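Residue-level listing of the chains:
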Amino acid sequence: MGRGLCAFNRIYLSVAPSSNVEIGDCFVIKSGEGINLLSRNLRASIYVGHGANLKIGNNSGMSSASIWVNESITIGNNVNIGANSTIIDTDAHSLDWRVRMTTEDTFCAKNAPIVIGDGVFIGM
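Calculation criteria
- Throughout, a residue's number is its position along its own chain's written sequence, starting from 1.
- Local features are withheld for residues below a pLDDT of 70 in this predicted model, meaning they are given only at 70 or higher, and side-chain atom pairs are given and counted only at 80 or more; totals for whole chains, interfaces and linings count all residues.
- Only hydrogens and water are set aside when side-chain values are computed; all heavy atoms of the structure are taken into account.
- Pairing between two strands requires that DSSP report at least two bridges joining them.
- Each helix corresponds to a stretch of at least 4 residues labelled H or I by DSSP, and each strand to a stretch of at least 2 residues labelled E; elements are numbered beginning at the N terminus.
- Axis geometry follows a simple rule: fit a line to the C-alpha atoms, using only the stretch in contact for helices, then measure angles between N-to-C directions, giving values from 0 to 180 degrees.
- To form a nonpolar core, buried Ala, Val, Leu, Ile, Met, Phe, Trp, Tyr and Cys residues must be joined to one another through side-chain atoms within 4.5 Å.
- Relative accessibility under 20% of the residue-type maximum defines a buried residue, over 50% an exposed one, and the middle range a partly exposed one, all with a 1.4 Å probe and only protein chains included.
- Contact criterion: two residues are considered in contact whenever any of their non-hydrogen atoms come within 4.5 Å of each other.

Peer 1: Help me get a handle on the sheet that holds strand β3 (residues 20-23), residues and values and all.
Peer 2: The strand order β3-β6-β9-β12 describes an open sheet built from 4 strands, whose pairing is parallel. Every other strand in the sheet has two partners, leaving β3 and β12 (114-116) as the edge strands with one partner each. Each strand of the sheet is rotated relative to its neighbour by a mean of 5°, with strand direction disregarded. Pairing analysis gives 4 bridges linking β3 to strand β6 (residues 53-56), with the strands arranged parallel. Counted as the bridge partner of V21 is L54 from β6.

Peer 1: Please set out the nonpolar core residue by residue, giving values where relevant.
Peer 2: Grouped together as the largest cluster of nonpolar side chains are 19 residues, with contacts concentrated most on L54, M62, I67, I75 and I81. Elements that contribute at least two residues to this core include exactly β5 (45-48), β6, β8 (66-69) and β9 (72-75). Those residues within four positions of I75 in sequence are excluded, and the remaining contacts are K55, I56, G57, I67, I81 and I116.

Shown next, in the form of structure tokens:
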């Protein structure tokens, strides 16, 4: 965790013990309750699963957004993630309805790393 972290309001955070999380300096996370008119008072959330990697660069921030890491998400420096945005590196389940009807469903989800470069703005 870098220096100067600012968190506004309640945030949902779930990080598995076997995961790796690196957050740079001056990260700002805003969560609902009048912070942003576009956020509709939704809680910001970060979920990092077993063995997953999340890296967020310096001077980045998010407003009532969700990040779900099953494998790897890298977010560069000076990145702003707008209200209600969702960044997820997994399908979470098979896209084939026949597989979803079986107990094998969670094992068939496809994952792919996400890399977001420096200076990016992601709108809602």
